[in-house]
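# A closer look at the structure
One letter stands for each residue in the lines below.
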Amino acid sequence: MTTLDIPELALVALVGVSGSGKSTFAARHFAPSQVLASDAFRAMVADDENDQSASADAFGALHHVAGVRLRRGRLTVVDATNLQPHARAGLVAVAREHDVLPVAIVLDVPEALAWERTEARTDRTHGRQVLARMQRDLRRSSGQLAREGFRRVHVLRGVEEIDAARIRLEK
Ligand code: ATP
Ligand code: MG
């Protein structure tokens, strides 16, 4: 079993390609109210969780809510791919603004598995190319996270390690 130590008050960024299991992981380990999902914010601002044109507004709203939660001392988990440096920089900035530690949890599954899962879903329509690009972004990201300001970086490789992980909140 892998124990992931996380400060009781942290901004946790999940990092992984579509289909890596971020939302599943978030639901397993955190309360629904602790999880801010980019999908939910796209739906909130555009009535369509897949409307990529709504991303800037959705993330603006997500960062705002994350900031409010951190100001109130609430652990906050960001369920988005977080594969782009600029997306992660926004989260690190929100955390720093509130003197809270930014933590990254990377879910790294084989691309073939992520694709298999994507094909089985009705709520995702992106193609193989899009997934391949995400996988490249993930490869580029690993190794950068600590440098970007994430104070803890937990990397879970493969479904077994992901399923065996447990979160320990540090008082
Ligand atoms: P997206 O970025 O598109 O939102 P995601 O990373 O949130 O994707 P999930 O929605 O959590 O991915 O998972 C994708 C699919 O894989 C779901 O159908 C889910 O049931 C399945 N899945 C996720 N994690 C696991 C797991 N640990 N074991 C078995 N199946 C899983
Ligand atoms: Mg998801």
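Structure report, in brief. (Residues numbered from 1 in each chain as written. Chains lettered and ligands numbered in written order. Predicted model: local features only at pLDDT ≥ 70, side-chain atom pairs only at ≥ 80, totals over all residues. Heavy atoms only, no water.)

### Side note on the site of ligand 1
Convention followed: Proximity is defined per residue: if any heavy atom of the residue lies within 4 Å of a molecule or strand, that residue is considered near it. Polar contacts, as counted here, are pairs of nitrogen or oxygen atoms within 3.5 Å of one another; within protein the pair requires one atom able to donate a hydrogen and one able to accept it, and residues that are adjacent in sequence qualify only if both atoms are side-chain atoms. The accessible surface values rely on the Shrake-Rupley method and a 1.4 Å probe; as for residues, cover is taken only from the protein chains in view. Grid points spaced at 1 Å over the protein atoms alone were grouped into cavities, where a 1.4 Å probe fits but cannot get out, and pockets, open sets with protein on both sides within 12 Å along at least five of seven lines, with lining residues defined by an atom within 4 Å of a point. If over half the atoms of a molecule are within 2 Å of the grid points of a cavity or pocket, the molecule is regarded as sitting in it. Only DSSP runs of H or I with at least four residues qualify as helices, and only runs of E with at least two residues qualify as strands; both kinds are numbered from the N terminus onward. Three categories are distinguished: nonpolar for Ala, Val, Leu, Ile, Met, Phe, Trp, Tyr, Cys and Pro, charged for Asp, Glu, Lys and Arg, and polar for the others, with Gly belonging to the last.
Every residue lining ligand 1 is accounted for by V17, S18, G19, S20, G21, K22, S23, T24, R117, R121, R124 and D163. At a separation of 3.0 Å, an oxygen atom of ligand 1 approaches a polar backbone atom of G21. Note that an oxygen atom of ligand 1 is positioned 2.6 Å from one of the side-chain N or O atoms of T24. Its free accessible area being 620 Å², ligand 1 has 73% of it covered by the protein chains. In this structure the site holding ligand 1 corresponds to the largest pocket. For the shell around ligand 1, the leading source of residues is helix α1 (residues 22-29), giving three residues. Per-class residue counts for the shell around ligand 1 are one nonpolar, six polar and five charged.

### Some points on the pattern of salt bridges
Worth spelling out the cut-off: Put simply, a salt bridge is a Lys or Arg side-chain nitrogen that is within 4 Å of an Asp or Glu carboxyl oxygen. Only protein chains enter the accessibility calculation, which uses a 1.4 Å probe; a residue whose area is less than 20% of its type maximum is buried, one above 50% is exposed, and one in between is partly exposed.
Summed over all chains, the structure comprises 13 salt bridges. In this structure, the salt-bridge partner of R139 is D108, at a minimum N-O distance of 2.8 Å. Of this pair, R139 sits in helix α6 (residues 128-141) while D108 sits in strand β5 (residues 101-108), and the two are 31 residues apart along the sequence. In this structure R139 comes out as partly exposed when scored by relative accessible area, which is 43%. Ionic pairing is found between R128 and E111, a salt bridge with its closest N-O pair at 2.7 Å.

### Details of the sheet that holds strand β6 (residues 152-157)
Which entries qualify depends on this criterion: Paired strands, as defined in this entry, are two strands with at least two bridges between them according to DSSP. With axes taken as lines fitted to C-alpha atoms, and helix axes fitted only over the stretch in contact, angles between N-to-C directions fall between 0 and 180 degrees.
Read from one edge of the open sheet, five strands run β3-β4-β2-β5-β6, paired in parallel fashion. The open sheet has two free edges, formed respectively by β3 (35-37) and β6, since each of these has just one partner strand. For this sheet, the mean inter-axis angle between neighbouring strands, taken without regard to orientation, is 20°. Note that β5 and β6 share six bridges and pair parallel. By the bridge assignment for β6, D108 is matched with R157.

### Concerning the layout of surface pockets
The criterion, for reference: Grid points are joined across faces, edges and corners, and a volume is the space filled by probe spheres set on the points.
Taken as a whole, the largest pocket encloses approximately 1,000 Å³ of empty space. What lines the largest pocket is a set of 42 residues, and nearest its centre among them are S18, K22, A80, T81 and M134. At the level of secondary structure, the elements contributing two or more residues to the lining of the largest pocket comprise α1, α2 (38-46), α3 (55-71), α4 (85-97), α6 and α8 (158-164). At five residues, α1 tops the list of elements feeding residues into the lining of the largest pocket. For the lining of the largest pocket, the class distribution of residues is 12 nonpolar, 18 polar and 12 charged.

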